[in-house]
Amino acid sequence: MPELPEVEITVRRLAAALAGAEVESALAPGVVALKTYDPPLQALTGTPLTGVSRRGKMLVVEAGELALLVHLMSAGRLQLYDKRASARDRSARLLVRLADGRELRLREFGTRQRAWVKLLAAGEVGDDEYVATLGPDALPAPASEVFAKLIDQPRHLHPLLRDQRTIAGIGRSWVDEILWRAELSPFRKGAELEPEEVERLRAACDEALGAALEHYEQVIGETVPDKMPMPLEVHRRQGEPCPRCGTKLEAIHFRDYVMSYCPAEQTGGRVLKDRRLSRLLK
Ligand SMILES: [Zn+2]
């Protein structure tokens, strides 16, 4: 699940490796992944790659006057390979072949095709519906007054922090880590927090995401691996002791994801009802 730290390290590694490379050709074996048709992919032929950057959890591969806006969704990876993909690689969604023989490849794991790419004029990236509606980046966390205003909404913290229009870059893994660091329940509402709690949450954003990125800088070499070495302390660790207080971590299972937390420090000792579990017990 690539979120801000995972996408940022991908951007840094790709930017370093791609500087000066020229596009030989581009094709989209995953037809559904390419969401634009004008300009056509062929317009990339012969252009130099001029930079890689990030907008929230999305990547932008800049190619002169053009830009590829890439959303990895939950299972996509944008990686650089020394050799071209085999035609049988069914995970390939977009192939950007470089004149030096390397290949920038968007792959997606799993059965669902959800990752997407748009080829846009470089100047139009900011107008894209997903980019234009992004809230401020979560790392570094916005200034205290700005953050307090963003969070002041009558919504539960878990979906609120994952809403890219509120704050950009946080998803289902890091939200658990941030709430655990802040010692706040996922079911508290943003508008109900005391100023001191808002500040704790802001600091937790910075610490959790910053520490993850620092970790990646140390352990990830020139190539970003298929499986990210995510330094998670609570997410999906239900049943294990809380690294801070030793209480058994609990979780609530939703259809697509798991919300993990420490009952002692986040929910006043209460173990919240796990719908999946209660359904099974019926
Ligand atoms: Zn704890």
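The following refers to the structure shown.

## Side note on the coordination of the zinc ion
Any two of four tetrahedral donors ideally make an angle of 109.5 degrees at the metal, while pairs among six octahedral donors ideally make 90 or 180 degrees.
Next up, step 1: Taken together, the protein ligands of the zinc ion are C242 (SG), C245 (SG), C262 (SG) and E265 (OE), with distances of 2.0 to 2.3 Å.
Next up, step 2: In primary sequence terms, the donor set of the zinc ion follows C-x2-C-x16-C-x2-E.
Next up, step 3: Residue classification places C262 among the buried residues on the basis of a relative accessible area of 0%.

## Overview of the packing of aromatic side chains
Next up, step 1: Scanning all chains against the criterion turns up two aromatic pairs.
Next up, step 2: With a centroid separation of 5.2 Å and an interplanar angle of 40°, the aromatic rings of W116 and Y130 are classed as tilted. Pair noted here: W116 is in strand β8 (residues 116-121) and Y130 is in helix α2 (residues 129-132), with a separation of 14 residues, a long-range link.
Next up, step 3: A residue is classified by how much of its surface remains accessible, and W116, at 5% relative accessible area, is buried.
Next up, step 4: Residue classification places Y130 among the partly exposed residues on the basis of a relative accessible area of 40%.
Next up, step 5: Ring geometry for F254 against Y257: centres 4.9 Å apart, planes inclined by 10°, an arrangement best described as stacked.
Next up, step 6: Given a relative accessible area of 23%, F254 falls into the partly exposed group.
Next up, step 7: Of the residues examined, Y257 reaches a relative accessible area of 14% and is grouped as buried.
Next up, step 8: One residue, R105, lies across the ring of Y81, its end atom 3.7 Å from the ring centre.

## A short note on the layout of surface pockets
Next up, step 1: Space inside the largest pocket adds up to approximately 580 Å³.
Next up, step 2: As for the largest pocket, its lining consists of 21 residues, and the residues nearest its centre are K57, H71, M73, R162 and Q164.
Next up, step 3: Here the residues of the lining of the largest pocket are counted per class, giving eight nonpolar, five polar and eight charged.
Next up, step 4: Approximately 300 Å³ is the volume found for the second largest pocket.
Next up, step 5: Along the walls of the second largest pocket sit 18 residues, with M1, R77, D226, K227 and M228 positioned nearest its centre.
Next up, step 6: Among the secondary structure elements, those contributing two or more residues to the lining of the second largest pocket are α1 (4-18) and β5 (76-81).
Next up, step 7: Per element, the largest residue contribution to the lining of the second largest pocket is four residues, and it comes from β5.

The rules behind each value
- Residues numbered from 1 in each chain as written.
- Predicted model: local features only at pLDDT ≥ 70, side-chain atom pairs only at ≥ 80, totals over all residues.
- Heavy atoms only, no water.
- Donors = N, O, S within 2.8 Å, 3.2 Å for Na, K, Ca; no water.
- Buried < 20%, exposed > 50% of the residue type's maximum accessible area, 1.4 Å probe, protein only.
- Phe/Tyr/Trp six-rings, centres within 6.5 Å; stacked < 30°, edge-to-face > 60°.
- Helix = DSSP H or I, 4+ residues; strand = E, 2+ residues; numbered from the N terminus.
- Lys NZ or Arg CZ within 6 Å of the ring centre and 35° of its normal.
- 1 Å grid on protein atoms, 1.4 Å probe; cavity = no way out; pocket = protein on both sides within 12 Å on 5 of 7 lines; lining within 4 Å.
- Points joined across faces, edges and corners; volume = space filled by probe spheres on them.
- Nonpolar A, V, L, I, M, F, W, Y, C, P; charged D, E, K, R; others polar.

Honestly, it's all geometry; don't read function into it.
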